[in-house]
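# Geometric and topological summary
These are the residues of each chain, in order.
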Amino acid sequence: MAQDWFIELLKGMGRLLLHPVFYYSLFLAAVLGVSRVKRERKNFTVRAKDAYFELRQLFPLGLLVGLAISIITIAAGIAIPFAAIVLVAAATLLLSLTTRVRLLAPAFTVGAAFFALIFLSGRQIDLPLAGDLFSSLDEKIFPSIAILLALLTIGEGFLILRNGKKGTSPKLIKSKRGQTVGVHEVKRLWVVPAFMLIPGEILTMPFEWWPVFALGDNTYSLILVPFAIGLHQQIQSMLPKEAVSQLGSRVVGLGILITLIAAAGYWYPIASIVAVAIAMIGREALTLMQRMQEESRPFYFSKKNHGVMILGVLPESPADKMALGVGELVTKVNGTNVHDEQTFYEALSRNRAHCKLEVLDTNGQIRFVQRALYEGDHHELGILFVQGEKKWDSAVV
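Residues numbered from 1 in each chain as written. Predicted model: local features only at pLDDT ≥ 70, side-chain atom pairs only at ≥ 80, totals over all residues. Heavy atoms only, no water.

Here the focus is the overall build of the protein. In terms of regular secondary structure, the protein is built from 11 helices and 12 strands. Considering the protein as a whole, with its 397 residues, one finds that 52% of them fall into the buried category. In the protein, once contacts between residues fewer than 6 apart in sequence are set aside, the share between residues at least 24 apart is 71%. Surface exposure of the protein reaches about 18600 Å², of which carbon and sulfur atoms provide 60%. (Helix = DSSP H or I, 4+ residues; strand = E, 2+ residues; numbered from the N terminus. Buried < 20%, exposed > 50% of the residue type's maximum accessible area, 1.4 Å probe, protein only. Contact = heavy atoms within 4.5 Å. Areas by Shrake-Rupley, 256 points an atom, 1.4 Å probe, with all protein chains shown as cover.)

Structure (structure tokens):
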């Protein structure tokens, strides 16, 4: 029995390569990386991270989340109809066309598929390769889809907490008063591959070799389904790590609430609809709440009169090796007070072999850092900060 399950798992993993979302996610992550690099070069003349950064974030942590979801759904015997898998993929493709990556949150992709299933249930619609998927759907599937949405939402929150705050991108924008200010932006896409139990033998119709096995009196197919999860957050009034962690915690909380309500759907079918509706409304509400909080507070990354605010640090640069951090304020360079990029550069150029910085950290504590500078150290120190309107050539020091 264990050997049979192992063989089915291996075959199910191989079928991941048949899913269009798997390849489409690779494409979207590449687009996100290229567009970010273009924007960073426009703002600072250099990129903060290479164009492959988003691609490298696509799978590693998502595999862990997918494993947890697989174990829970299979152990609980939660079966998801193939029609739902098809509609989630369709919703992912359609919502991505809006270019708003945040709409690829499970609340919207799985939520849209859930309500589409309610509308299509009982209708005879023949699809290429799959045939009729909707006419014989059992209403018991809806609580299972709601549970899946809840688990994916908790997984989304975990991904935001653990990976969303990694490598946020510095960005320059105009404030309402027309001043150049700094913000941090995170546009991230993850793929969560999870094994799904597909009831019946629907997959054997186009593919006779598809693995089918029995549990009790029912037959199931096993397939590894890639779920795309997107995030877009712009942070302007607080430190990026704090803002992203706050959102991640709220998303996890929303997922737990949905789980509790969705579980009641097995006894009270209306609870499944309520759970999915709360998921969609609640996820959008979290975005609006964050946006309203940001707009009601002053910009964190703005020009200061008593120092230079660090908006970003280039990887492997002297500033990175000196452990300078985003949000810290450089008040003195080589013993000279600085208040903008020009005075910073002038103070730095007085001693090209060595630099000593007085830094006010994010806790309001003063610390001193110093380092020898060598020929070949790229972009001077490697600090990105908010600069004046006409000084694009000195955006990096």
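Read on for the rest.
Once that is clear, we can look at helix α2 (residues 20–44). Relative to the 36 Å expected for 25 residues at 1.5 Å per residue, α2 spans 36 Å between its end C-alpha atoms, a close match to the ideal helical length. Thr45, located one to two residues past α2, shows a positive phi value of around 70°. (Expected span 1.5 Å × (residues − 1).)

Looking now at the side chain of Arg39. With respect to the helices, strands and loops of the structure, Arg39 is situated in helix α2. Take Arg39: its relative accessible area is 16%, and that puts it in the buried class. With sequence-adjacent residues up to four places away left out, Arg39 is seen in contact with Ser169, Pro170, Lys171 and Glu185.

The next point concerns unusual backbone geometry. The phi torsion of most residues other than glycine is negative, and most of the peptide bonds are trans. Phi at Thr45 takes a positive value of approximately 70°, unusual for a residue other than glycine. Note on placement: Thr45 falls in the loop between α2 and α3 (53–56). Classification of Thr45 by relative accessible area gives partly exposed; the value is 45%.

In this structure, Phe115 sits in helix α6 (residues 106–120). Sequence spacing of Phe115 and Phe142 is 27 residues, and the spatial spacing of their C-alpha atoms is 9.5 Å. With residues near it in sequence (within four places) discarded, Phe115 still touches Ile273, Val276, Ala277 and Met280.

For the rest of this paragraph, the subject is the packing of helix α5 (residues 82–96) against α6. Two quantities define a packed helix pair, namely the angle between the axes and the distance from one axis to the other. Interhelical geometry of α5 versus α6 gives an angle of 125° and a closest axis separation of 8 Å. Between α5 and α6, the crossing angle belongs to the class labelled oblique. Note that α5 runs across α6; the crossing there is right-handed. For the pair formed by α5 and α6, the contact residues are Ala83, Ala84, Leu87, Val88, Ala91, Thr92 and Leu95 on the first element and Phe108, Thr109, Val110, Ala112, Ala113, Ala116, Leu117 and Leu120 on the second. Each residue belonging to the contact of α5 with α6 can be placed in one class, and the counts come to 13 nonpolar, two polar and no charged. (Axes fitted to C-alpha atoms, helices over the stretch in contact; angles between N-to-C directions. Parallel < 35°, antiparallel > 145°, perpendicular 65-115°, else oblique. Left-handed = near helix turned anticlockwise from the far one by under 90°. Nonpolar A, V, L, I, M, F, W, Y, C, P; charged D, E, K, R; others polar.)

With that settled, consider a nonpolar patch on the surface. A surface patch of nonpolar side chains, amounting to about 830 Å² of accessible area, comprises Phe115, Ile118, Tyr266, Trp267, Tyr268, Ile270, Ile273 and Val274. Ranked by residue count, the leading element in the nonpolar patch is helix α9 (residues 270–295), at three residues. The topology assignment puts Ile118 in helix α6. The class of Ile118 is partly exposed, set by a relative accessible area of 34%. (Patch = residues over 30% accessible without salt bridge, like charges linked within 9 Å, V, L, I, M, F, W, Y side chains within 5 Å. Salt bridge = Lys/Arg side-chain N within 4 Å of Asp/Glu carboxyl O.)

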